[in-house]
Amino acid sequence: MTVAVKKYVWLLVVVAIFACNQTKKVREIPVNDFFKTQDRALYRLSPNGKYLSYLTLKDKKQHLIVEDLEQGKITEVSKLEERNINFYAWVSNDEIIYYKEKEGSRFQTDLYIVNKNGTGEHLLNADEKSKVRLLEDQLIDDKFLLVSSNKRDSTVFDVYKLNVRNGQMTIAAKNPGNFTDWLTDSKGSLRMAISTDGVNESLWCRENESMPFKKIITNNFKTTLWPLAFSETQANTIYAISNVNRNKNALVEIDCTNGKEKNVLFADDTLNVTEAQYSKRRGKMDFVVYETWKKEKHYLNEDAKGIFENLEKLIPDAESKIIHHDKKEQHFIVRTFTDRSPGAYYLYYAESNFLKKLSDINPLINEEEMCEMKPISYVTNDGLRINGYLTLPLGIEAKNLPVVVIPHNGPGQRNSWGFNADVQFLANRGYAVLQVNYRGSTGYGKDFYAAGFKQWGQKIQQDVDAGVQWLIDQKIADPQRVAIYGYGFGGLVAINSAVANPKMYKCAGSSAGVLNLFSYLKTIPPFLTANLQMFYEIVGNPDKDAEYMRQASPVFHASKVKIPIFITQNSKDPRINGNDAVQFVKELRKLNLTVTYLEKEETRTALNREEARKKSYAALELFLQDNLRKR
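Since this is a predicted model, take the numbers as computed values, not measurements.

Visitor: Looking at this structure, how should I read the overall build of the protein?
Guide: On a plain count of helices and strands, the protein comes out with 12 helices and 35 strands. Relative to a compact globule of 631 residues, whose C-alpha radius of gyration would be 25 Å, the protein shows 25 Å and is just as compact. Across its three principal directions, the C-alpha atoms of the protein cover 70 × 55 × 55 Å. Counting all 631 residues of the protein, 56% fall into the buried class. Of the accessible surface of the protein, which amounts to about 28,100 Å², a share of 47% is contributed by carbon and sulfur atoms. Put simply, the protein has 86 plus and 77 minus side-chain charges, and the middle of one group is 3 Å from the middle of the other.

Visitor: What's the story with the confidence of the model for the protein in this structure? I'm lost.
Guide: When pLDDT drops low, the exact placement of atoms in the prediction is not to be read closely. A residue-level look at the protein finds 90% of positions with pLDDT of 70 or above and a mean pLDDT of 90. In this model residues 1-23 is a low-confidence stretch, pLDDT under 50, and it forms 34 contacts with partners more than four residues away in sequence or in other chains.

Visitor: Help me out: how do you make sense of the pairing of strand β3 (residues 61-68) in this one?
Guide: As a general feature of sheets, a regular strand has side chains that alternate between the two faces. Along β3, seven of the eight residues are buried, which leaves the element largely enclosed by surrounding structure. Strand direction decides the pairing type here: strand β2 (residues 51-58) and β3, joined by eight bridges, are antiparallel. Looking at the pairing, Leu52 lines up with Glu67 of β3.

Visitor: I would appreciate a short explanation of the pattern of salt bridges in the present structure.
Guide: Pairing between side chains of opposite charge can happen when their charged atoms approach one another. All chains considered together, the criterion is met by 26 salt bridges. Note that Glu136 and Lys280 form a salt bridge whose closest N and O atoms lie 4.0 Å from each other. Of this pair, Glu136 sits in the loop between β9 (132-134) and β10 (144-149) while Lys280 sits in the loop between β21 (272-279) and β22 (284-291), placing them 144 residues apart in sequence. Relative accessible area serves as the criterion here: at 7%, Glu136 is assigned to the buried category. Across the salt bridge formed by Glu275 and Lys321, the nearest N and O atoms sit 2.9 Å from each other. One end of the pair, Glu275, is in strand β21; the other, Lys321, is in strand β24 (residues 319-325), and 46 residues separate them in sequence. Through salt bridges with shared partners, a single network forms among Glu95, Asp142 and Arg165.

Visitor: What exactly am I supposed to notice about the pairing of strand β1 (residues 40-45) here?
Guide: Bridge count between β1 and β2: four bridges; the pairing is antiparallel. Residue Leu45 lies in a different strand from β2, and its bridge partner there is Leu52. Between β1 and the antiparallel strand that follows it, β2, lie five residues; Gly49 among them carries a positive phi value of about 75°.

Visitor: I tried to follow helix α6 (residues 459-473) on my own but got confused; where do I start?
Guide: An α-helical segment advances 3.6 residues per turn. Residues three or four places apart therefore align on the same side. Counted at 1.5 Å a residue, the expected span for α6 with its 15 residues is 21 Å, and the 20 Å between its end C-alpha atoms agrees. Restricting attention to buried positions, one finds in α6 the residues Ile460, Gln461, Asp463, Val464, Asp465, Gly467, Val468, Trp470, Leu471 and Ile472. In this structure, the buried side of α6 is in contact with β28 (373-379), β29 (385-391), β30 (401-405), β31 (432-437), β32 (477-487) and α7 (489-500). Note on α6: the residue one or two positions beyond its end, Lys475, has a positive phi of about 65°.

Visitor: Got a minute to help me understand the nonpolar core in this structure?
Guide: Ranked by size, the top nonpolar core spans 64 residues in total, and within it Val405, Trp456, Tyr505, Leu517 and Phe584 carry the most contacts. Examining the composition of this core, we find that seven residues originate from one element, α7, more than from any other. If near-sequence neighbours (up to four positions away) are discounted, Val405 is found in contact with Leu434, Val464, Val468, Val482, Ala483, Ile484, Tyr485 and Tyr505. Phe425, Val433, Cys507 and Phe623 belong to the second largest nonpolar core, which has 25 residues in total.

Visitor: I'm lost on unusual backbone geometry in this one. Help?
Guide: Residue Pro411 is reached from Gly410 by a cis peptide bond, and omega for that bond is -10°. The residue Pro411 is located in the loop between β30 and α4 (421-428) in this model. Backbone geometry at Lys454 places phi at a positive 55°, although glycine is not the residue there. Within the element layout of this structure, Lys454 appears in the loop between α5 (446-450) and α6. Within the chain, Ala512 stands out as a residue other than glycine whose phi angle is a positive 50°.

Visitor: How do you make sense of the sheet that holds strand β17 (residues 225-230) when you look at a structure like this?
Guide: The strands making up a sheet associate through hydrogen bonds between their backbones, and the pairing can be parallel or antiparallel. Read from one edge of the open sheet, four strands run β17-β18-β19-β20, paired in antiparallel fashion. Both outer strands of the open sheet, β17 and β20 (261-266), are each paired with one neighbouring strand and no more. Strand-to-strand, the axes of this sheet are offset by a mean angle of 30°, without reference to chain direction. In this sheet, strand β18 (residues 237-242) lies alongside β17 in antiparallel orientation, the contact comprising five bridges. Bridging across to β18, Leu225 finds its partner in Ser242.

Visitor: So what exactly am I meant to see when it comes to the sheet that holds strand β6 (residues 95-101) here?
Guide: Strand order in the open sheet formed by four strands is β5-β6-β7-β8, with antiparallel pairing between adjacent strands. The open sheet has two edge strands, β5 (85-90) and β8 (122-123), and neither has a second partner. Sheet topology note: the β6/strand β7 (residues 109-115) ladder contains seven bridges and is antiparallel. Following the sheet pairing, Ile97 is matched in β7 by Ile113.

Visitor: I'm lost on the environment of Glu70 in this one. Help?
Guide: Here Glu70 lies in the loop between β3 and β4 (74-80). Overall, Glu70 belongs to the exposed group, its relative accessible area being 61%. Between the C-alpha atoms of Glu70 and Ser210, which are 140 residues apart in sequence, the distance is 43 Å.

Visitor: How do you make sense of the packing of aromatic side chains when you look at a structure like this?
Guide: Describing an aromatic ring pair means giving the distance of the ring centres and the angle of the ring planes. Applying the stated criterion across every chain, the model contains 34 aromatic pairs. Ring geometry for Phe566 and Phe623: centres 5.4 Å apart, planes at 45°, overall tilted. Residue Phe566 is found in strand β34 (residues 565-570), and its partner Phe623 is found in helix α12 (residues 606-628); the two are separated by 57 residues along the sequence. In terms of burial, Phe566 and Phe623 fall into one category: buried. Over the ring of Tyr112 we find Lys100, and its NZ or CZ is 4.3 Å from the ring centre.

Visitor: Quick question: what am I supposed to make of the packing of α6 against α7 here?
Guide: To describe two helices that pack against each other, one gives the angle between their axes and the distance between the axes. Two elements in contact, α6 and α7, have axes separated by 10 Å at closest approach and are oriented at 80°. Viewed along their axes, α6 and α7 adopt a mutual orientation that is roughly perpendicular. Residue-level inspection shows Ile460, Gln461 and Val464 of α6 in contact with α7, the latter providing Val493, Asn496 and Ser497. Across the contact of α6 with α7, the residue classes break down as three nonpolar, three polar and no charged.

Visitor: What is the right way to read the state of the cysteines from this model?
Guide: By definition, a disulfide links the sulfur atoms of two cysteines through a covalent bond. For the structure shown, the criterion picks out zero disulfides. Left unpaired, Cys205 is separated from the closest cysteine sulfur, that of Cys256, by 3.4 Å.

Cut-offs applied
- Residues numbered from 1 in each chain as written.
- Predicted model: local features only at pLDDT ≥ 70, side-chain atom pairs only at ≥ 80, totals over all residues.
- Heavy atoms only, no water.
- Helix = DSSP H or I, 4+ residues; strand = E, 2+ residues; numbered from the N terminus.
- Rg over C-alpha atoms; globule rule 2.2 N^0.38 Å.
- Buried < 20%, exposed > 50% of the residue type's maximum accessible area, 1.4 Å probe, protein only.
- Areas by Shrake-Rupley, 256 points an atom, 1.4 Å probe, with all protein chains shown as cover.
- Lys, Arg positive; Asp, Glu negative; His and termini not counted.
- Charge placed at Lys NZ, Arg CZ, Asp CG, Glu CD.
- pLDDT = per-residue confidence, 0-100.
- Contact = heavy atoms within 4.5 Å.
- Pairing = 2+ DSSP bridges.
- Salt bridge = Lys/Arg side-chain N within 4 Å of Asp/Glu carboxyl O.
- Expected span 1.5 Å × (residues − 1).
- Core = buried A, V, L, I, M, F, W, Y, C linked by side-chain atoms within 4.5 Å.
- Axes fitted to C-alpha atoms, helices over the stretch in contact; angles between N-to-C directions.
- Phe/Tyr/Trp six-rings, centres within 6.5 Å; stacked < 30°, edge-to-face > 60°.
- Lys NZ or Arg CZ within 6 Å of the ring centre and 35° of its normal.
- Parallel < 35°, antiparallel > 145°, perpendicular 65-115°, else oblique.
- Nonpolar A, V, L, I, M, F, W, Y, C, P; charged D, E, K, R; others polar.
- Disulfide = S-S within 2.5 Å.

Spelled out as C-alpha cells, the structure:
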C-alpha cells in the first residue's frame, strides 16, 4: 500500500468520526461576499521577468496594467468600458497581445497587439466571421506569431504565420479536415497535430516543418494520451500523460517515429496523474501532479525539487500552483488556496527565495469562518466505490442536518479539493453540502470514466442517490430536508432527481442546466462537429438511442415532478436551448407546482456579470430557506 493511499484510508477514518462539533456562534456572511469579482487577475510576467502585468477593475472599467518591477512605475495599457479582455500574453519583452470581446458578443473576440507602455495598439484579425487562437506566444523573427484560424473553413482550424506588423496571415499548415489541435516544440516549430474521427484520436508527427505529418498512433477517445512537450535531449521523443494499456494516467516518453512508449517516468496503479510541468530551461520534466482526494506533487529532478520545496516552506499551510514564470524560470507567479480560503497571488523570486504577496483573490473571505471539505467514500448497490466530498456547517452538531447535494458538471469532469464559493455559501447557511464524483467522472481511471457513458438519468442518478442514503444512514442528513442543485449536466442530474426520486429530495434546482439531451447535441458548434461521434457515445445517439435520451431529458417529464423547482438560465447562452427551460417552467406551472424561474441578463462587463450572479444566489438562498428550513 502506497503512502498516499495510507493517508487516504486514515483520512476516511477521520471523516467517519466527523469531529466537527464547534459550538461558537457563526456569522451569516452576506451572499455578495462569497461571489465578489477579483480586483486583480490574470497575472503574467514579461519574458525577461522585469515587468508584471495583470487585469484590474476600477470604476466599472477593466484595465490592463503593466508594472515595472525594478522602478515601480505602473502603466495603464488598455481601458475598456463595455468589452472585456478574455486572454492576453507577452509575445516579447515589449509587446502584449490580447483578445477583446467583439461588440455585441461575449463569445467572439478580436485580437490586438499593444506596446507595454500603452502605445501602438492595433487590431490583428479583421475578419469578423473567423476565430484566431494563439499557438505559440513568442515572436518569430520579431514579427511572426503562430496562430490557428478557421478563416478558410468555419469547421476546421488551419495554422498560419501572423505578421503582427501588418496583420497579414500566411498559411503554415493546412488542416486536412480532421485535425483538432497542434503542438510546437520548444523552439516554436510546428511538430505535431492531433486528429479525430469523433471516436478515435490520432497523433501525427514530423521531424521538421519541411516534412509532411506522419500518423504515429491511434487510440479510442476513452484512452488518454496528452502530449506535453518535445524532449530537448532525445531526438523525436515527446513527454505525454498516458493511460494507454493501463487504467490510470502515467507520465511517459513516446517515440515519435513509431508511437511506441519508450520509458515510464512516473506510474502507480493506485494514482492518477492529472498534470505535469516541463522546464524549457532545463529541458526536463520537473514534476507530476497526481490526485487522490487532494493533489500532490512527485518531483522528477533535484533542481526543480529544490526550488519548489523552498517555495512550499514559505506557504506551509496552503496548496500552491504555478501560474506563470519568466523565460529563465527564476521568477514565478504563484496562486495559493485551501478548502477554506480562495487564496492569494504571490511573486516568488527563486534565486533569493523571497515571496512577495500581490493580492488576495477575495479579501472578504475569512478562513476562520469557512468550513472543512472532507473526503467521503461509499459503495453503490452494484458494487462500485464512489468518492466525493462532504462539507459540514460550523457551530452545528453533525446530526439530522439539512443537506444540499451538488452534482458536478460534465461530461468528463470531477469535484476536487479546494475552495468552492457555492459550497461555502451553503455551508454558512447551515446546510451540509455533498459533492459526488459519480461514475463517468474523470480522475479515477478510464474504466470508471467509461462506466458513466449513456447513464444520465440511470446509474449516474443512482450513484448520487446512494450518496444521500449514505448520509441518512450516518444520521448526518435529515431525510426530510434534502435538496439537489447543479450547473450544466449537474443541473440535468438535479432535475432528473425531481423526476425519478421525488421522495428523497424536498426540492431541486438547476443553473444553466441541460434539460434536453437532443437540444444539447444540436448546440455543439461547427468547429466541434468532428467530435459528434464521441458525444454520441457519451451522451447518446439521437438516431439509435432516442428512447433512452428522451427518458434522461427532464423537459419531457414535467408531469412526474412533485417537488418545488428552481431554474436560472441565460436565454442567450449558446451552450443550451433557452426554449427548453421556458417550456419546462410553463408545464410545471400548469400543474400548479412551485417554480422559481430567474432569467439572467446577457451582460458584457465583469461587474455586471457579478451583479447577475449575486442576484441568482440570493434567489437560491430564499428558495432553499422556504423548502428546507421548515420542519
